[in-house]
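Working through the structure, step by step
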Amino acid sequence: MAVSIHSSASHFLVISFFDEITKPNQVTSTPSSYDRLGSYKMSSESRSTTDLKSDLVSLSPALKSYYNNHNVSDVFESCVRFVRLNPRFCAAETLSMLPANSKKIPWLDDQFGFYSIDGKFQLNQSDCFRSGRVYGMDVSSGAAVTVLLSTLYDKKQENDSGKKKGNEILREKRILDLCCAPGLKLCMIADILDESSLVIGVDKSPNRLSLCKAIIKKYHVANDTSGDQPISPGARIQLYCADGTKFGKASASEASQHCLIFDSKVAQEEAKVAGKRKRMNKSARARERKRLKSLAIESEVVSNEDNVSSIEPFDYVLVDAECTTDGSLKHLQEQIKSKIAVPGGTPVDITIDNQQLTNESDLKEMVRLQKALLESGFSLLKSGGILVYSTCSLSSEQNEEVVAWLLKKHENSYLIPVDFQSNEGFIVDGAVTGTVRFVPNDTSKCASGFFVAKVGKR
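Below, the structure is looked at part by part. (Residues numbered from 1 in each chain as written. Predicted model: local features only at pLDDT ≥ 70, side-chain atom pairs only at ≥ 80, totals over all residues. Heavy atoms only, no water.)

In a disulfide, the sulfur atoms of two cysteines are held together by a covalent bond. Summed over the entire model, instances satisfying the criterion amount to 0 disulfides. Here Cys-180 stays free of any disulfide, with the sulfur of Cys-212 as its closest cysteine sulfur at 4.0 Å. In this model Cys-241 remains outside any disulfide bridge; the closest cysteine sulfur is found in Cys-259, 6.6 Å from its own. Cys-241 gets classed as buried once you look at its relative accessible area, which sits at 19%. (Disulfide = S-S within 2.5 Å. Buried < 20%, exposed > 50% of the residue type's maximum accessible area, 1.4 Å probe, protein only.)

Following this line, the structure appears as structure tokens:
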């Protein structure tokens, strides 16, 4: 009997990161055999009552063909993991708590603090993770933030002279993360900026935002996990539960849909009042709601009935759009484990599919959403501002074609070519000149497929 599993972008996103933070125990890797692309067999010695129970896991023909066409040789190969150091802790002390074979990522500047670690290292059980010293963050996602806020990776033009400018100190900036869950990029943005700047994160899912809030509280609010170094506390972070395609442009009748649910400064103040108390009492929750309501009114997130935005435009906008997640092999592997790591029962053949990707009508709907998100982000960007569009898909329909659509539609948009100046085999030029792809064809170096494009607004 074959069981089909259909992927869901939101399911991938929430489950994988929530497990990393809260799952008490993880099944360790077991000896396995990889007989071909899209087929995974458990070796007899790896079976036990707690091991994975399937005799055969395979990709659907359409999905297998898709990965073949994108030069992904083995979707079941064990993935390396990445961490980003929390800059509010001593880096040397943090590194001493990581595996000895951890390696700095050579193609990203040291200031961003990315390291690769052994994929078998149980990060969520480690002291360095529990204490907030590291973020469990894929390096390709981090690359999107570095491209957004730094000129280090702007491709040198013929008329350029001298060394590229580095990561300048950004002050009094407004940054919008339009698809912000699970919050790791939000935290990275806030870490790079100083306390005079504001970072707004938007997501329409209350469940995803709950996870996002938990991550921000861990790294930017809680005294015992937010750091002990005397540096800037980072930018102020606000979270809105809202539809990213309408954020800042909804009519007054839709005002209730744009809900400010979290403010890091308010949370920090409440944490000081609460002291060692872990949970907020009734009066504290009421006080927080009142503060958030007042802040939302001050921010003028809603506009007039003509649907013209009155929110102050942003200096930087990140649109890490919802996608089919086919580039994230780790998410795919976690999905497989969740289906076959079930005690007891009769082993069955399992076929993995991703209908959002392989079904033509579902893919068109996904692309429609991505264009709407990108259009919204660009409309909220000030003249002279910078926008980064990214996905964790390998699909050109969701990447280069979406960017080309925006550039054609808006004469005041222009592409800023990106170049990581790396000889790594998994970083390649996109089909649109100046865009960059991360292809997971060498899992010892890159765990996720990713696409990044940098756009300016005249």
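Before going further, it helps to examine the sheet that holds strand E5 (residues 81–85). Pairing in this open sheet of 4 strands is antiparallel, and the strands run E6-E7-E5-E8 from one edge to the other. Of all the strands in the sheet, the pair left with one neighbour each is strand E6 (103–104) and strand E8 (134–135). Bridge count between E5 and strand E7 (residues 114–117): 4 bridges; the pairing is antiparallel. Bridge assignment links Val-83 to a residue of E7, and that residue is Tyr-115. (Pairing = 2+ DSSP bridges. Helix = DSSP H or I, 4+ residues; strand = E, 2+ residues; numbered from the N terminus.)

Bringing the packing of helix H12 (residues 360–379) against helix H13 (residues 400–409) into the picture now. A pair of packed helices is captured by two measures, namely the crossing angle of their axes and the spacing between those axes. Packing of H12 against H13 leaves a shortest axis separation of 10 Å and a crossing angle of 45 degrees. The orientation of H12 relative to H13 falls into the category oblique. Between H12 and H13 lies a crossing of right-handed hand. Counted together, Val-367, Gln-370, Lys-371, Leu-374, Glu-375 and Phe-378 of H12 and Val-402, Trp-405, Leu-406 and Lys-409 of H13 form the full contact between these two elements. (Axes fitted to C-alpha atoms, helices over the stretch in contact; angles between N-to-C directions. Parallel < 35°, antiparallel > 145°, perpendicular 65-115°, else oblique. Left-handed = near helix turned anticlockwise from the far one by under 90°. Contact = heavy atoms within 4.5 Å.)

Another aspect to go through is the pattern of salt bridges. Side chains that carry opposite charge are capable of pairing whenever their charged atoms lie near each other. Under the counting rule described, the total for this entry stands at 15 salt bridges. The residue Arg-236 makes a salt bridge to Asp-263 at a minimum N-O spacing of 2.8 Å. Taken together, the residues Arg-236 in strand E11 (residues 236–241) and Asp-263 in strand E12 (residues 259–263) connect sequence positions 27 residues apart. Within this structure, Arg-84, Arg-88 and Asp-191 form a network of salt bridges that share partners. (Salt bridge = Lys/Arg side-chain N within 4 Å of Asp/Glu carboxyl O.)

What follows concerns helix H6 (residues 184–192). With respect to burial, H6 is a largely interior element, 9 of its 9 residues being buried. Of all the positions in H6, only Leu-184, Lys-185, Leu-186, Cys-187, Met-188, Ile-189, Ala-190, Asp-191 and Ile-192 are classed as buried.

What follows is about the nonpolar core. Of all hydrophobic cores here, the largest spans 67 residues; its most connected members are Trp-107, Leu-148, Leu-149, Ile-189, Phe-420 and Phe-438. If we skip the residues at most four places from it in the chain, Ile-189 touches Val-145, Leu-148, Leu-149, Ile-175, Val-199 and Leu-318. Val-202, Leu-363, Leu-374 and Leu-387 belong to the second largest nonpolar core, which has 31 residues in total. (Core = buried A, V, L, I, M, F, W, Y, C linked by side-chain atoms within 4.5 Å.)

Moving on to the environment of Leu-59. Following the sequence through the fold, Leu-59 ends up in strand E4 (residues 56–59). Take Leu-59: its relative accessible area is 7%, and that puts it in the buried class. Spatially, the C-alpha atom of Leu-59 lies 6.2 Å from that of Asp-353, the residues being 294 residues apart in sequence.

This paragraph deals with the pairing of E5. A regular strand carries its side chains on alternate faces of the sheet. Extensive coverage of E5 is indicated by the burial of 5 of its 5 residues. Residues of E5 alternate between two faces, with Arg-81, Val-83 and Leu-85 on one and Phe-82 and Arg-84 on the opposite face, all of them buried.

Next up on the list: the side chain of Thr-391. Within the element layout of this structure, Thr-391 appears in strand E15 (residues 381–391). Judged by its relative accessible area of 0%, Thr-391 is buried. Only 2.5 Å separates the side chain of Thr-391 from the side chain of Asn-399, close enough to count as a polar contact. Each residue touching Thr-391, except ones within four places of it in the same chain, is listed here: Asp-320, Ala-321, Cys-323, Gln-370, Gln-398, Asn-399, Gly-449, Phe-450 and Phe-451. (Polar contact = N/O pair within 3.5 Å; in protein donor to acceptor, adjacent residues only side chain to side chain.)

So, about unusual backbone geometry. Looking along the chain, the bond that leaves Ala-181 and enters Pro-182 is cis, with omega of 10 degrees. Relative to the helices and strands, Pro-182 is located in the loop between strand E9 (174–177) and H6. Notably, Asn-71 is not glycine yet its phi reads approximately 60 degrees, a positive angle. By the element assignment, Asn-71 lies in the loop between helix H2 (61–69) and E5. Residue Glu-172 is not a glycine yet carries a positive backbone phi of 50 degrees. With respect to the helices and strands, Glu-172 occurs in the loop between helix H5 (139–149) and E9. Overall, Glu-172 belongs to the exposed group, its relative accessible area being 66%.

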